Amino acid sequence: MKENSVILMNFSGIYETETFYEKWQGMEVLWLDCRDIQGTNCYCDEVGERALKQRIEPLGPGGIHFLDSGNYHYVTKLWLDQIKEPFELLVFDHHTDMQQPVFGDILSCGGWILEALEQNEHLNHVFLAGPPEEAVKKAKQEISEELQRKVTWISEKEMGKGLDFQSGQTELSGQTQSPLPVYISIDKDILSPSFARTNWDQGEADPADVCRLIQTFLARRPLIGMDVCGENPEGADGPEAEEERRINDVANEAVLKLYSGHIGRMQACQGKEYYQ
């Protein structure tokens, strides 16, 4: 898909109540209706996974994909499967999403990163930002040493410190300068409820910290694509529901603005040595 594509994956109908995607000239909006696919909520069975792959394969990994609620964060793994070159993955999430499967090898929102690490031969490294320190410690104990070497952990506490990743003062500073292209996945449950309302327990991150780390990664490397999840289809009722919708609409618009701005800079710099 073209880099200026906005793909709305419609599992619940939640995006029909939002307007963030209507405001951007030059961005091509594509609705991908998935409401007829069974076996996709939190866990994705073989039939559901096959149906989803058939719908996204013609599109390729480019563009920005809105995945609905965090129940469908595993769809990121399916977008990553479209990438046919070495790449790195930057994930923002309040959870590690590295749980061992409970029901056989079924794909799930709680274990998709682990499955991607184990199965995707092109995935060189994962940067996981946002989980609490205890969750990071637990995940490290449950995955192999080989996979641990392919993951850089940025805990919720480290995110809150406002580290200057470009200063050279942290281990991450050098790693962000890799020449490999990056795919970025954002679960809005990393954010404080002041900035997003999701159907999962949330962190306390500020959008500025998320944006700053994204900009650090994109300073000298290509962006393959991006996705966003963290809606709340079964949210509040009454006046509170309208406020919840407004908050999530603003959050989605901010991410789309960041993505659109990066694409605009890339296009403006075509023919120049942008990635040096």
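Numbering of residues starts from 1 in every chain and runs along the sequence as written. For this predicted model, a pLDDT threshold of at least 70 governs which residues receive local features, and a threshold of 80 or more governs which side-chain atom pairs are given and counted, while totals over whole chains, interfaces and linings are taken from all residues. Here the side-chain values reflect all heavy atoms present in the structure, with hydrogen atoms and water set aside.

Caption draft 1: Spatial organisation of the layout of surface pockets. Reported here for the largest pocket is a volume of approximately 440 Å³. Of the grid points, spaced at 1 Å and generated over the protein atoms alone, those admitting a 1.4 Å probe that cannot get out make up cavities, while open sets with protein on both sides within 12 Å along at least five of seven lines make up pockets; any residue with an atom within 4 Å of a point is treated as lining. As for the largest pocket, its lining consists of 27 residues, and the residues nearest its centre are His-95, Thr-96, Asp-97, Gln-99 and Gly-110. In this text, helices come from DSSP runs of H or I with a minimum length of four residues, and strands from runs of E with a minimum of two, each type numbered from the N-terminal end. For the lining of the largest pocket, the element with the highest residue contribution is helix α4 (residues 133–142), accounting for 4 residues. Throughout this entry, Asp, Glu, Lys and Arg are counted as charged residues, while Ala, Val, Leu, Ile, Met, Phe, Trp, Tyr, Cys and Pro are counted as nonpolar. The remaining residues, Gly among them, count as polar. Within the lining of the largest pocket, the residues separate by chemical class into 11 nonpolar, 9 polar and 7 charged. Grid points are joined across faces, edges and corners, and a volume is the space filled by probe spheres set on the points.

Caption draft 2: Up close: the nonpolar core. For this analysis, a nonpolar core means a set of buried residues of the types Ala, Val, Leu, Ile, Met, Phe, Trp, Tyr and Cys, connected via side-chain atoms within 4.5 Å. Only protein chains enter the calculation, and the probe is 1.4 Å; a residue is then buried if its accessible area is under 20% of its type maximum, exposed if over 50%, and partly exposed in between. If you look at the biggest cluster of nonpolar residues, it comprises 43 residues, and the most contacted ones within it are Met-9, Leu-52, Tyr-74, Val-75, Trp-79, Leu-89 and Met-98. Of the residues forming this core, the biggest block, 5 residues, is contributed by helix α3 (residues 112–119). Beyond its immediate chain neighbours, meaning those up to four positions away, Leu-89 contacts Leu-80, Trp-112, Leu-123, His-125, Val-126, Phe-127, Val-182 and Tyr-183. Throughout, a residue-residue contact means that at least one pair of heavy atoms, one from each residue, lies within 4.5 Å.

Caption draft 3: Seen up close, the pattern of salt bridges. Here, a salt bridge means any Lys or Arg side-chain nitrogen found within 4 Å of an Asp or Glu carboxyl oxygen. Using the criterion set out here, one finds 13 salt bridges in the structure. Of the charged contacts, one joins Arg-35 and Asp-33 as a salt bridge, the two residues approaching to 3.1 Å between their closest N and O atoms. Taking the relative accessible area as the measure of exposure, Arg-35 reaches 42% and is therefore partly exposed. Among the residues examined, Asp-33 registers a relative accessible area of 37% and is labelled partly exposed. For Arg-221, the salt bridge identified is with Glu-88, shortest N-O distance 3.0 Å. With Arg-221 in the loop between α8 (207–218) and β10 (223–229) and Glu-88 in strand β5 (residues 87–92), this residue pair connects regions lying 133 residues apart in the sequence. On the accessibility criterion, Arg-221 (0% relative accessible area) is buried. We classify Glu-88 as buried; its relative accessible area is 5%. Through salt bridges with shared partners, one network takes in Glu-16, Asp-33 and Arg-35.

Caption draft 4: Spatial organisation of the sheet that holds strand β7 (residues 123–129). Paired strands, as defined in this entry, are two strands with at least two bridges between them according to DSSP. With parallel pairing, 8 strands are arranged side by side in an open sheet as β2-β1-β4-β10-β9-β5-β7-β8. The open sheet terminates on both sides in strands that have one partner only, identified here as β2 (28–33) and β8 (151–154). Here the strands of the sheet are splayed against their neighbours by 15° on average, with no regard to which way each runs. Note: β5 against strand β9 (residues 182–187), 5 bridges, orientation parallel. Note on β9: the bridge partner recorded for Leu-89 is Tyr-183. Here an angle of 0 to 180 degrees is reported between the N-to-C directions of two axes, which are lines fitted to C-alpha atoms, with helices fitted over the stretch in contact. Most of the contacts of α3 go to β7, to which it runs at about 160°, and overall it touches β5, β7, β8 and β9.

Caption draft 5: How the structure looks around a negative patch on the surface. Patches here are clusters of residues that have more than 30% relative accessible area and form no salt bridge, with a 9 Å joining cutoff for like charges and a 5 Å cutoff for nonpolar side chains (Val, Leu, Ile, Met, Phe, Trp, Tyr). Residue exposure ignores everything except the shown protein chains as possible cover, and the areas themselves are Shrake-Rupley values with a 1.4 Å probe. By the counting rule applied here, Lys and Arg register as positive and Asp and Glu as negative, while His and the ends of each chain are not counted. Charged groups are reduced to one reference atom each: NZ for lysine, CZ for arginine, CG for aspartic acid, CD for glutamic acid. On the surface, a cluster of negative charge is made up of Asp-45, Glu-46, Asp-105 and Glu-118. You can see Asp-45 is positioned in the loop between β3 (43–44) and α1 (46–56). Residue Asp-45 is classed as partly exposed on the basis of its relative accessible area, which comes to 30%.

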